[in-house]
Amino acid sequence: MTNLVKPGTAPYLAAFRARAVEAEPHWLSEQRDAALARFAALGFPTRREEAWRFTDLRPLESATFLPAEQGAALAPERLAPWRLDGPTHRLVLVAGRFAPELSEIGPLPEGAWLASTARTLAERPDLARHAFDETDTGGGQPFAALNAALFADGFVLALDEGVALDRPVEIIHYGQAAAPASLHTRSAVLLGARSRATLVESFAGEGAYWTNAVAVVRLGPQSELRHLRLQDEGAAAIHFAAIRATLGRAAQYRSFTLTVGARLSRSDAFVRLDGDTAQCSLDGAFLLRGDREATTATFVDHVAPGCVTRELFKGVVGDRAHGVFLGRIAVRPDAQKSDAHQLNRNLLLSPRAAVDTKPELEILADDVKCSHGATVGDLDEAALFYLRARGIPEEEARRMLIEGFVVDALERIEDRAMRDHFARHLGRWLAGEQR
Amino acid sequence: MLEIRNLHAQIAEGRKILKGIDLAVGAGEVHAIMGPNGSGKSTLAGVLAGRPGYVVSEGSILYEGRDLTPLTPDERARAGIFLAFQYPVEIPGVNNMYFLRAALNAVRRERGEAELDAGQFLKSVRAKLKLLEIEDDLLKRGVNVGFSGGEKKRNEIFQMAMLEPKLALLDETDSGLDIDALRLVAGGINKLRSPERAIVLITHYQRLLDYVEPDRIHVLSDGRFVMSGDKSLAAELEKHGYATFGTAA
Amino acid sequence: MTGSAQTLDQLRALGEGYKYGFVTDIESERAPPGLNEDVVRFISAKKREPQWLLDWRLESYRHWQQMENPNWARLRIAPIDYQAASYYSAPKSDSAPKSLDEVDPELLRTYEKLGIPLRERAALAGVAVDAVFDSVSVATTFKAKLGELGVIFCSFGEAVREHPELIRKYLGSVVPQGDNFFAALNSAVFSDGSFVYVPQGLRCPMELSTYFRINAAKTGQFERTLIVADKGSYVSYLEGCTAPQRDENQLHAAVVELIALEDAEIKYSTVQNWYPGDAEGKGGIYNFVTKRGACRGARAKISWTQVETGSAITWKYPSCILEGDHSVGAFYSVAITNNMQQADTGTKMIHLGRNTSSTILSKGISAGRGQNTYRGLVRIQPKAEGARNYTQCDSLLIGDKCGAHTVPYIEVRNPSARVEHEATTSKISDDQMFYCQQRGLKPEDALSLIVNGFCKEVLKELPMEFAVEAQKLLAVSLEGSVG
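Residues numbered from 1 in each chain as written. Chains lettered and ligands numbered in written order. Predicted model: local features only at pLDDT ≥ 70, side-chain atom pairs only at ≥ 80, totals over all residues.

**Concerning the environment of C:Leu166**
Residues and elements named next belong to chain C. Within the element layout of this structure, Leu166 appears in helix α7 (residues 164–170). For Leu166, a count of 16 C-beta atoms within 10 Å corresponds to the partly exposed category. Each C-alpha atom of the pair Leu166 and Val228 lies 8.9 Å from the other, and the pair is 62 residues apart in sequence. Discounting residues that sit within four places of it in the chain, Leu166 has contacts with Tyr197 and Val228. (Helix = DSSP H or I, 4+ residues; strand = E, 2+ residues; numbered from the N terminus. Buried ≥ 20, exposed ≤ 12 C-beta atoms within 10 Å, placed from the backbone. Contact = placed C-beta atoms within 7 Å.)

Below, the structure is given as structure tokens:
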């Protein structure tokens, strides 16, 4: 261990040393050590760091979230609110570990792999290795490094060239903690050329746990991934999730993230458009009330020419909540003909609610079409009056307007059944249900 | 049905707009309120519908015998007051059908009627769409979004037909309409005339009155009615303009 | 219009490259290189300042020593040796000039070359000028005439002597001594600058103007401008800058403070044409400037209009603090970076009062290997009921070696606020260029035409005298970026 140890990291370092060492490949043990050293050197971020200047990390720093033990048994009906209708390949992680009794992976076509990360490490280490990259041991992201050091499980979805999954892959992350505990999952989605999948991840749970999920997504040429995420964590939970996606030539990554849960949450998406004419869309909505804080951070890096980015995020922030959007699009010198558009619109519903938004463009090629926009405002008084003048009570009129505000982001989900699924969760939030 | 006595109203920031209005409208009657720009016509409509930003400083408004002023805009609407907006508001993201059904069911609940299910609602909508020659696909869009000026006005009358108010206030519903659209809108209004319903037409020009014949006409100038009479007053105004009343048209 | 016509002639007459790169041969008196408390005392003594101002400088200096060079901007800056520069340089003369006739004729010729109408014969131009040469103010025109109206327009040094009560009241009240590294440095060593006071209810009948010029080698320039518009008054102020062509980088760290009281309006326009360095990035001015205005009363208005074509590096965020209810802030900017120039510029609009509104219009043009960043903050504080902001940032790229960046921060703490931000990045289309050329325009003229069109909304905010000059400057700045 180096002497570069930042304050606050010590309990996590001790927990790392104290953990039961399982039989693991040598490369993995080495990597865990290196990642831990990286975390120790970086420490918890502070507000002086640009990427964290709007985030209040006190809920995370006020307690020590030691890695969670095996979760308690869970009745299957507890998962009902997040289950998708219709047949899926379902994999459930409880307290960060694969729960076979709740999962139903079902028959997979030839050339498809879906299993827990632990099992993948044992049976297909060639695939599991792709769940990591140099960011874990050399990057500037302390929580990703901590995740690489401490992760227990996760999932790996891998498709060979040309394989298409008909059913969606459904991952439910269910957090549990009697005392503060951290759940570090490490996952990978690896799509071969021209393969196709839909992945739906739901995050939920109970207790004061900290989800620290990292997923690495690698999309081969012309492959397509539809990635839908619902962050509906328990009211006492902290949720950090990072996606690191790399897109090959003409690959498509389309993600939608609905954030309604957790007291403190942050979702990071790093998308690297590596192959020409790749396309990515990052859409979503964050709906916050109480004193919740949620950050949506995206960074799309146009490395290759001719790529397209579309981003639309809607924020609805009430009570004393705080919504943050950090959107960055970079176009590298060789990425000519890049086409990027980003829009973040926010509704502030109460005098003590706050929104910070920072859409950012960094353009180093000239033949590009790039734009962004951001707005913050309250409900349109004229529209509210119009609805009320037709007899609709004020509360209902407000709900209709909020729903109307969010709906165009929701419409970015093309699949009708999926859209309805997310619309139900939106409706639940609008009806004031809190978990 | 509607009885206004010595009504004074101002905008919240302080400017007085209505300076003593008296008006009684009975069931089955059609009244027209005319007057130049800035005379207070739209303010009167706004005050009656409860538009935020106006303060009633003096006088009273009785609707079916009860004081209207403490009621919220939606309470007034559910009590049967309908305002056709001069500038119907665009509400992106809120579907027209969804909106209308929410409004209709709110009104029906108030009246103690059963809510309409989707099938019944659709049937009722179809019939009334025809009346105003409104295309089906307009209903699939957001409220008033992407509507032409004429379509917006027709949509207002269509909503009125759906909601079946007791008192309809039509604020400059004729403005911005070409002759065909004007006939259509006027036809819609005439169909909705009934012994149980009172209608107040607010207009700058008398041309709407060629199609919808009012029982009474009132001329508003600088916040007061300066003249009232039967429909012949409209022709009078056509000839001489508002200048006769000391205000520029 | 004599002044601007003259300027135009000179622009036309002058040859290639930077037009103001001449050096004036004047004996100057300067402080020894380096910075310490003694140098601060030396400057203060040279200017025969009162004790309170010396104390203020020393306090600033101590602040500065505790601070670090800011590194958050998207700028690559070679380390600056603050001990190598000289912090005071004044044209040598035995006593301050009492009238223009006593001003060194060499100096007057310099300003004539710059197209600045120092002589009263320039009355037709309708512009009162305060000229700052290196560190000291050399002449202020129309002083007497303005004085009759109650307008104070003089060098900063003179204001300290003649109007100490106003200076003590307002100095540092918008940009505190320790606000940032460069403001602290300026507060310690500022040399001269302009002071303007417009009395209650007066609409200042002429444009007030300052021309800044760095002449001496190995010096920095640290001027300070303070403008106070009393209740219900109006003033339009123009600022121009040039410097000779030198191989080393010279530091310009100015502070401008504007105070608009109730119902007052200040319009501040800048055409910044400091020497940008050569095509390889050698030399040029480091322009690290803190400009900020406070709308202290209800319905006060402050607008910043800037055309930034010069400097090797520009670090500048003219800002508005909207304290008074219904106060209005505006920022209109054109920034060009060509060759190796870098600019990180934008604004801060801090909404404190009710129904305050602000507008930001920024046009960035990058050519050569230039890097151009818009960085702006719009903050709506909890009490700023009904606040409004509209921001439009457009970037234009010319060539594939340059960069254009947009970094807006939007922080909203009041639900009744309405904030809108839009940004676009594009290049000049081949079709546009072809169309113009097909109609007979040379590529550089076509470019200039298109760029001027791109900047039109900002340029129209400039007073006439400046607008024409600014247009020409745009063309000159972009030379060599096509064809």
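**A short note on the interface of chain B and chain A**
At the interface, 22 residues of chain B touch 19 residues of chain A. Going through the elements one at a time, α2 (73–78), β7 (91–95), α3 (96–111) and α5 (149–163) of chain B are the ones with two or more residues in the side of chain B that touches chain A. The element that contributes the greatest number of residues to the side of chain B that touches chain A is α3(B), accounting for 5 residues. A class-by-class count of the residues in the side of chain B that touches chain A yields 16 nonpolar, 3 polar and 3 charged. (Nonpolar A, V, L, I, M, F, W, Y, C, P; charged D, E, K, R; others polar.)

**A short note on the nonpolar core**
The nonpolar side chains of soluble globular proteins are, as a tendency, buried together. Within the largest apolar cluster, 333 residues are counted, with the highest numbers of intra-cluster contacts made by B:Leu169, C:Val196, C:Ala229, C:Leu258, C:Ala260 and C:Ile266. In terms of residue count, strand β7 (residues 196–219) of chain A provides more of this core than any other element does, 13 residues in total. Excluding its chain neighbours within four sequence positions, the residues that come into contact with C:Ala229 are C:Val198, C:Val235, C:Ile259, C:Ala260, C:Leu261, C:Ala264, C:Glu265 and C:Ile266. (Core = buried A, V, L, I, M, F, W, Y, C linked by C-beta atoms within 7 Å.)

**Observations concerning the packing of helix α4 (residues 118–131) of chain B against α5(B)**
Residue and element names in this part refer to chain B. It is at 10 Å that the axes of α4 and α5 come closest, and there the two elements cross at 140°. With respect to their mutual orientation, α4 and α5 come out oblique. Relative to α5, the crossing made by α4 is right-handed. Of the residues in α5, those in contact with Ser124, Lys128, Leu129 and Leu131 of α4 are Phe158, Ala161 and Met162. (Axes fitted to C-alpha atoms, helices over the stretch in contact; angles between N-to-C directions. Parallel < 35°, antiparallel > 145°, perpendicular 65-115°, else oblique. Left-handed = near helix turned anticlockwise from the far one by under 90°.)

**What about the interface of chain C and chain A?**
Contact residues are listed per partner, giving 31 residues for chain C and 31 residues for chain A. When residues of the side of chain C that touches chain A are traced back to their parent elements, those giving at least two are β21 (388–397), β22 (403–412) and β23 (418–427) of chain C. Along the lines of polarity and charge, the residues of the side of chain C that touches chain A split into 13 nonpolar, 11 polar and 7 charged.

**Some points on the sheet that holds strand β10 (residues 198–203) of chain B**
Residue and element names in this part refer to chain B. The 6 strands are arranged β6-β9-β10-β3-β11-β12 in an open sheet whose pairing can be described as mixed. Sheet topology places β6 (81–84) and β12 (224–229) at the edges, where each strand pairs with a single neighbour. When strand polarity is set aside, the average angle formed by the axes of neighbouring strands in this sheet is 20°. Taken together, the 5 bridges between strand β11 (residues 216–221) and β12 define a ladder with antiparallel strand orientation. Among the inter-strand pairings, Val219 is bridged to a residue of β12, identified as Met227. (Pairing = 2+ DSSP bridges.)

**Notes on the pairing of strand β5 (residues 155–159) of chain A**
Residues and elements named next belong to chain A. Most of β5 is tucked away, with 5 of its 5 residues classed as buried. Burial along β5 is two-sided: Phe155, Leu157 and Leu159 and Val156 and Ala158, pointing in opposite directions, are all buried. Sheet topology note: the strand β4 (residues 112–116)/β5 ladder contains 5 bridges and is antiparallel. Of the residues in β5, the one forming a bridge with Leu114 is Leu157. Examined bridge by bridge, β5 and strand β6 (residues 169–191) share 4 bridges and lie parallel to one another. Of the residues in β6, the one forming a bridge with Ala158 is Leu190.

**Quick word on the sheet that holds strand β4 (residues 54–63) of chain B**
Residue and element names in this part refer to chain B. Taken in spatial order, the 4 strands of this open sheet run β2-β1-β4-β5, and their pairing is antiparallel. Both edges of this open sheet fall to β2 (16–25) and β5 (66–67), since each of them pairs with a single strand only. Judged from the 8 bridges that link them, strand β1 (residues 2–11) and β4 form a sheet pairing that is antiparallel. Of the residues in β4, the one forming a bridge with Gln10 is Val55.

**Looking at the environment of C:Phe331**
Residues and elements named next belong to chain C. Checked against the element boundaries, Phe331 lands in strand β17 (residues 328–337). Judged by local crowding, Phe331 falls into the buried class, with 27 C-beta atoms found within 10 Å. Residues within four places of Phe331 in sequence aside, it is in contact with Trp304, Pro318, Thr347 and Ile360.

**Quick notes on the packing of α5(B) against helix α6 (residues 179–192) of chain B**
Residue and element names in this part refer to chain B. Closest axis-to-axis distance for the α5/α6 pair is 10 Å, and the angle between their directions is 10°. By the angle class used here, α5 and α6 are roughly parallel. Residues Gly150, Lys153, Arg154, Ile157, Met160 and Ala161 of α5 lie in contact with α6, whose contacting residues are Ala181, Leu184, Val185, Gly188, Ile189 and Leu192. Each residue belonging to the contact of α5 with α6 can be placed in one class, and the counts come to 8 nonpolar, 2 polar and 2 charged.

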